[in-house]
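Architecture and fold: a report
Now for the letters of each chain:
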Amino acid sequence: MLPKFDRWTMLFSLNSFAAAMLALYIGFALGLPRPYWAMTTAYIVSQPLSGAVRSKALYRVLGTILGASAAVILVPNLVNAPWLLSLALSLWVGGCLAVSLLDRTPRSYLLMLAGYTAAIIGFPSVSQPGAIFDVAVSRVIEIGLGILCATLVHSLVFPRPVGAVLRQRVSTWLGEADHWALDVLRGEDAEAIARDRRHLAAAASEIQLLSVHLPFDTSRLRETSGVVRALHERMLLLIPLLSGLADRMGALRDVKDNRVRAALNTVVAWIEAGSPRDEGLALIARLEELAARRRDSAWTSLLIESLLVRLSEAVRALAESHALMRRLDDPDAPLSPGLEASARARGRTPMHADLPLALLSGAAAAIAIMLSCATWILAGWGDGAAAPIMAAVFCCFFAAMDDPVPAIKNFGLFSLVSLPLAALYMFAVLPAIDGFPMLVATMAPVLLFLGLYIPDPKRAGSALAALMGFCNALALQETFSADFASFLNSNLGQFVGLIFAILVTASLRSMGVDASAKRLLKRTWRGIARLARARQAPEPAAFAAILVDRLGILTPKLAQTGERHDFVGVDTLRDLRIGMNLVTVQAARADLPPEGRVCLDVALEGVGQHFAALAAGRRQPPVAELLARIDSALRGLSAARAASAVQGVSALVGLRRNLFPEAPAFVPEIAE
């Protein structure tokens, strides 16, 4: 039974087919040597969102030019040393892939494409090195033609703007954050609170990736890229703020304090009223005033103060988020001077990057290509250039996955499945037709059907593999020839490259979900250890961006691991709260007197030692000595009169609660 397809899916398939046929027709008209490259490129570039098509198109053009330039430089100079040429192209592909993996936004496509484009152009040209420049120019024109046709069609024919999808996603996220905040403030059970926050971290990363395409969009929202970035920063901060607020609410569940209850009720009413801006400013001022009225240094008073501080920060983040959301809905909506400046500021939200893993992925690609080249050279295989080309393509396409092997096998399987269909067309259908209109009519059923599955993330890889295999196997050119032996030989190389890509990737690069989760956890713990030992606070939004990004990546991995022993007690949201508390403590450190700073440094060193031990594989609870150090620092900071002391005390209370949730109440004074 076929799945049901919505209007946008069918329009995407129609647009993609129209773009591919337009590219093929122009390629024939211009007499390009391989016009089917333009047709295939049109499908590769096509995306459900029109802004994503344009951004990917730009990166693909630049990557193609860079890769073609590398091939033009390397092939003529090294053609008489085939092993050296193979090594140079392998290192180029591996190096480009490694660098591209350090940027998880669509920009990474540029360098990844530069890598395997050099292989696509370079390896087939070793037999005709003198023609390498003409070949490179032809490939750039063919790929550029496919990109241009896809961009024009998807931009002009029923375009689906990124802005509309992004605005809807941001609005949904903000509604979920409001719901989470209300559940926390009303004291709902832990299961309801966990349900509310389940998708927030992953959605924040998704919104960040969507926003990269926004400058290329045709919608009015393109002009509000700065507003989206400023809103995303508040979203990143809301996750640890609301999580910390839930922790304080849990700690004070049995404490009856009328001023706290009244403050909570006021915030609930404010959120239910739609978070009006003017009332939000007055509410923040009132909460900050309440937080500054500490009665004493008793543990309950410190918890109440910490709760009020977190509450005021959460209200500020929510108020600013709603104000920015109103600006997205209405370009004339007013913003405060601070928010206006934030929206106009230029910046880039950092994301998680794994340099060792990127280098390992690049090395795996280089080795797979070299093994394919060795087979080609030693066997004296005339059509063997396809093997290193496909090894490069397979290793690059799936390098971002934890275990690329299943995806590579799936791609190879559907490429193989497409060959009988391509053979049927080549030897039975195409010889019986004449003219371009008949070619379009005969290609339509297959391409339109496969195009329906490309927008579906679960089926996109399989559909694109079958489509690329079908188009490349047909190799439509101005002069048609059907030679069965040539057909088999030219397609055999891709499966040799597939085998080497699978073998090398499985040996060097693949990792299970357990290993991937452990790797991310260790990197998170090492980052927290470095922050604890630092003496300068990073920018809160930037630090939160990396931790929230890792949280979004880690959450589904930990869900897949189940209740396994290695992950018992792991709480990534708690680690996020600890990291943000450390940022605040480091910011307050400069205002402490020398003796208080010494006590704080001793406590922070203990926190650093604990997380360094976790990163080293020594899973053990924090030692009692660390609790004593935190309490000593808390006594010194609670006595300070600086304006930042309130924030610092709240952060230290948060550290104590997160590291020692079952510890006895803090004692303000040590008995003599």
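Residues numbered from 1 in each chain as written. Predicted model: local features only at pLDDT ≥ 70, side-chain atom pairs only at ≥ 80, totals over all residues. Heavy atoms only, no water.

Since the α-helix advances by 3.6 residues per turn, residues separated by three or four positions end up pointing in the same direction. Relative to the 32 Å expected for 22 residues at 1.5 Å per residue, helix H24 (residues 594–615) spans 31 Å between its end C-alpha atoms, a close match to the ideal helical length. Note on H24: the residue one or two positions beyond its end, Gly617, has a positive phi of about 95°. (Helix = DSSP H or I, 4+ residues; strand = E, 2+ residues; numbered from the N terminus. Expected span 1.5 Å × (residues − 1).)

Looking now at unusual backbone geometry. Even without glycine at this site, Phe158 takes up a positive phi of about 45°. Assignment of secondary structure puts Phe158 in the loop between helix H6 (132–156) and helix H7 (162–185). Even without a glycine there, the phi angle at Ala475 is positive, about 50°. Summarising the element assignment, Ala475 is placed in the loop between helix H19 (460–474) and helix H20 (484–509). Judged by relative accessible area, which is 24%, Ala475 ranks as partly exposed. (Buried < 20%, exposed > 50% of the residue type's maximum accessible area, 1.4 Å probe, protein only.)

Per the stated rule, a full pass over the model turns up eleven aromatic pairs. Taking the centre distance of 5.7 Å and the plane angle of 75° together, the rings of Tyr116 and Phe397 count as edge-to-face. A residue pair is termed long-range when its members are at least 10 positions apart, and Tyr116 in helix H5 (residues 109–122) and Phe397 in helix H16 (residues 386–397) qualify at 281 residues. Its relative accessible area of 25% is what places Phe397 among the partly exposed residues. Pairing Phe123 with Trp376 gives two aromatic rings, centres 6.0 Å apart and planes at 80°, and the pair type is edge-to-face. Here Phe123, found in the loop between H5 and H6, pairs with Trp376, found in helix H15 (residues 355–379); they are 253 residues apart in sequence, far enough to count as distant. The two residues Phe123 and Trp376 agree in class, both being buried. Through pairs of rings, three or more aromatic residues link up here, namely Tyr116, Phe394, Phe397, Phe398 and Phe411. A cation sits over an aromatic face here: Arg656 above Trp299, 4.7 Å from the ring centre. (Phe/Tyr/Trp six-rings, centres within 6.5 Å; stacked < 30°, edge-to-face > 60°. Lys NZ or Arg CZ within 6 Å of the ring centre and 35° of its normal.)

Attention now goes to the side chain of Ser46. Looking at where Ser46 falls in the secondary structure, it is placed in the loop between helix H2 (35–45) and helix H3 (50–78). One polar contact links the side chain of Ser46 to the main-chain carbonyl oxygen of Ala42, over a distance of 2.6 Å. Leave out the neighbours within four places in its chain, and Ser46 touches Phe12, Ser16, Val53, Ala150 and His154. (Polar contact = N/O pair within 3.5 Å; in protein donor to acceptor, adjacent residues only side chain to side chain. Contact = heavy atoms within 4.5 Å.)

Any two side chains of opposite charge can pair, on the condition that their charged atoms come close. This structure, assessed with the given rule, holds 15 salt bridges. One salt bridge in this structure joins Arg523 and Asp354, with 3.7 Å as the shortest N-O distance. A residue pair is termed long-range when its members are at least 10 positions apart, and Arg523 in helix H21 (residues 513–533) and Asp354 in the loop between helix H14 (337–344) and H15 qualify at 169 residues. Arg523 sits in the buried class, given a relative accessible area of 18%. One salt bridge in this structure joins Arg459 and Asp456, with 2.5 Å as the shortest N-O distance. On the basis of relative accessibility, which here comes to 22%, the residue Asp456 falls in the partly exposed class. Residues joined by salt bridges that share partners form a network here, namely Asp247, Arg248 and Arg657. (Salt bridge = Lys/Arg side-chain N within 4 Å of Asp/Glu carboxyl O.)

Turning our eyes to something else, we now look at the environment of Ile284. Inspection of the secondary structure puts Ile284 in helix H12 (residues 277–292). Along the primary structure Ile284 and Leu311 are separated by 27 residues, whereas in three dimensions their C-alpha atoms are 8.5 Å apart. Each residue touching Ile284, except ones within four places of it in the same chain, is listed here: Ser312, Val315 and Arg316.

Here the focus is the packing of helix H1 (residues 7–30) against H6. Running from amino to carboxyl end, H1 crosses H6 at an angle of 140°, the nearest separation of the two axes being 8 Å. It follows that H1 is oblique to H6 by the angle criterion. For the pair H1 and H6, the sense of crossing is right-handed. When H1 is examined against H6, the residues Phe12, Asn15, Ser16, Ala18, Ala19, Leu22, Ala23, Ile26 and Gly27 are found in contact with a partner set consisting of Leu145, Gly146, Cys149, Ala150, Val153 and His154. (Axes fitted to C-alpha atoms, helices over the stretch in contact; angles between N-to-C directions. Parallel < 35°, antiparallel > 145°, perpendicular 65-115°, else oblique. Left-handed = near helix turned anticlockwise from the far one by under 90°.)

We now examine the environment of Arg160. Positionally, Arg160 belongs in the loop between H6 and H7. Separated by 148 residues in sequence, Arg160 and Phe12 place their C-alpha atoms 9.2 Å apart. Dropping the residues within four chain positions of it, Arg160 is found in contact with Trp8, Pro48, Leu49, Ser50 and Val165.

This part is about the packing of H1 against H2. Contact geometry for H1 and H2: axes closest at 8 Å, N-to-C directions at 160°. In terms of orientation, H1 lies roughly antiparallel with respect to H2. In terms of crossing hand, the pair formed by H1 and H2 is right-handed. The residues of H2 that touch H1, namely those facing Ser16, Phe17, Ala19, Ala20, Met21, Ala23, Leu24, Gly27 and Phe28, are Pro35, Tyr36, Ala38, Met39, Ala42 and Tyr43.

Within the largest apolar cluster, 103 residues are counted, with the highest numbers of intra-cluster contacts made by Met443 and Leu476. Among the elements that line this core, the one with the most residues is H19, at ten residues. In this structure Leu476 touches Leu24, Phe28, Pro35, Tyr36, Met39, Leu430, Leu439 and Met443, once residues within four positions along its chain are discounted. Counting 100 residues, the second largest nonpolar core, distinct from the first, contains Leu174, Ala181, Ala317 and Leu604. (Core = buried A, V, L, I, M, F, W, Y, C linked by side-chain atoms within 4.5 Å.)

In this section: the state of the cysteines. Taken as a whole, this structure holds zero disulfides when the rule is applied. Free of any disulfide, Cys395 has its nearest neighbouring cysteine sulfur in Cys396, separated by 6.9 Å. Judged by its relative accessible area of 7%, Cys395 is buried. (Disulfide = S-S within 2.5 Å.)

With that settled, the discussion passes to helix H4 (residues 82–100). Compared with the 27 Å implied by 1.5 Å per residue over 19 residues, the 27 Å span of H4 between its first and last C-alpha is a close match. Residues of H4 that are buried in the fold lie against H3, H5, H15 and H16.

All right, on to the environment of Gly144 then. Mapped onto the fold, Gly144 is located in helix H6. With a relative accessible area of 25%, Gly144 lands in the partly exposed category. As for Gly144 and Thr41, which are separated by 103 residues in sequence, their C-alpha atoms are 8.4 Å apart.

Turning next to the side chain of Ser100. Along the chain, the position of Ser100 falls in helix H4. Sequence-distant contacts of Ser100, that is, excluding residues within four places in its chain, are made with Ser108, Leu111 and Met112.

Moving on to the confidence of the model for the chain. Here the chain averages 83 in pLDDT, and 88% of its residues register 70 or above. Mean pLDDT in the chain bottoms out at helix H8 (residues 190–197), which sits at 57, and peaks at H4, which reaches 94. (pLDDT = per-residue confidence, 0-100.)

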